[in-house]
Structures are given as C-alpha cells and as structure tokens.
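Structural features, examined
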Amino acid sequence: MNEAWVLNASPIILFGRIDRLDLIDRLAPRLMIPDAVIDEIRGGRSEDVSARIGLDFAEPYRAAHWDLGRGETQVITQALDAAAWAVLDDLAARRCAATYNIPVIGSIGILLRAKRKGILENVAPWMMKLKAAGMYVDEMLIQKVLADVGEQVR
C-alpha cells in the first residue's frame, strides 16, 4: 500500500491549534492536500488563527489539481479501491491514474489486446473507425502503433 497521506482540513487545523503540524510532516512519508481542502482552510482563516497556520503548512503539499470529469474521477476512485485497471482515453485522467500507480488501458490498448488474443485479425480498420467515431488521436501515434504490430493504414 502506498504510504502517502491525503489530508483533510480537520487534522491540519487541529494540529495547527496545538502547534504540532510537525508530527504530520514527520510521520507521513508523502503528503498530498487536495485543492478543496486548502480552499476550506483558507475560508476559515479570518476567524481562526490556526487556519492561517494550517494554510501555511498545507500549501507546499497541494496535490495536483486534475480537473477531471465525474466519470473519470469515479473510474480512478473505483480502480484505486478495487486494485483494478482503469479504462481511460483522456490524457489528464491517464496521468492522474499514473500518479496513483493505477494500471491504465485505453481504446487503442483494447484493440491491441484483442489482436494479441486472436479476437481481431487487424487493428488498423478498427482504429480508423474509432477515429471516425470521434476518438481524438494523433496521426503519428496511429502510424507508430500500426508499425509496431506490422500493419499500415489502408
């Protein structure tokens, strides 16, 4: 299990109040603090001095903000919870999954896997159909993938 800690506002504020944020810093091998948590702490800073202390502590550990859609977010969450593969095409979502060491496969990977298992004889026509159906993919990637499997666009 990854020993990173993803912190919510309450422990940051409470340990800030008792002047022991150093305990969290020293005990957690890696800290991540989501933007929403930092915003929550920031919202209370005018009424609570410890919120200002907590905010100063939290800022350096701000987790990457991925701005993913609900679908991508739930796929990543469930893949993480179930130790499963995430099936994602969106580049930002794939990068986010990679930060959590979630294995990812996309539409092209599904085609390649189907070819390896003998379900599809050729991937080229199916890649072109996916592209025509709206999948965004760079032409150079198509050429590279097809060359890797000994095919070409017809």
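Residues numbered from 1 in each chain as written. Predicted model: local features only at pLDDT ≥ 70, side-chain atom pairs only at ≥ 80, totals over all residues. Heavy atoms only, no water.

1. Things to note about the confidence of the model for the protein
How we decide: Within a predicted model, pLDDT stands for the predictor's per-residue confidence, ranging from 0 to 100. Numbered from the N terminus, helices here are DSSP runs of H or I no shorter than four residues, and strands are runs of E no shorter than two.
Mean pLDDT for the protein: 85, with 94% of residues reaching 70 or above. Within the protein, the element-level pLDDT minimum falls on strand β1 (residues 4–6), averaging 73, and the maximum on helix α9 (residues 139–148), averaging 93.

2. Quick notes on the packing of helix α7 (residues 107–116) against helix α8 (residues 124–132)
Stated formally: Angles shown run from 0 to 180 degrees and are taken between the N-to-C directions of axes, each axis being a line fitted to C-alpha atoms and, for helices, limited to the stretch in contact. Each angle is binned into one of four classes, with values under 35 degrees roughly parallel, values over 145 roughly antiparallel, values of 65 to 115 roughly perpendicular, and all other values oblique. A crossing counts as left-handed when the near helix is turned anticlockwise from the far one by less than a right angle, and as right-handed when that turn is clockwise. Two residues qualify as a contact provided that any one of their heavy atoms is within 4.5 Å of a heavy atom in the partner residue.
Contact geometry of α7 with α8 gives a least axis separation of 10 Å together with a crossing angle of 160°. When the axes of α7 and α8 are compared, the pair comes out roughly antiparallel. In the packing of α7 onto α8, the handedness of the crossing is right-handed. Residue-level contacts link Ser107, Ile108 and Leu111 of α7 to Trp126, Met127 and Leu130 of α8.

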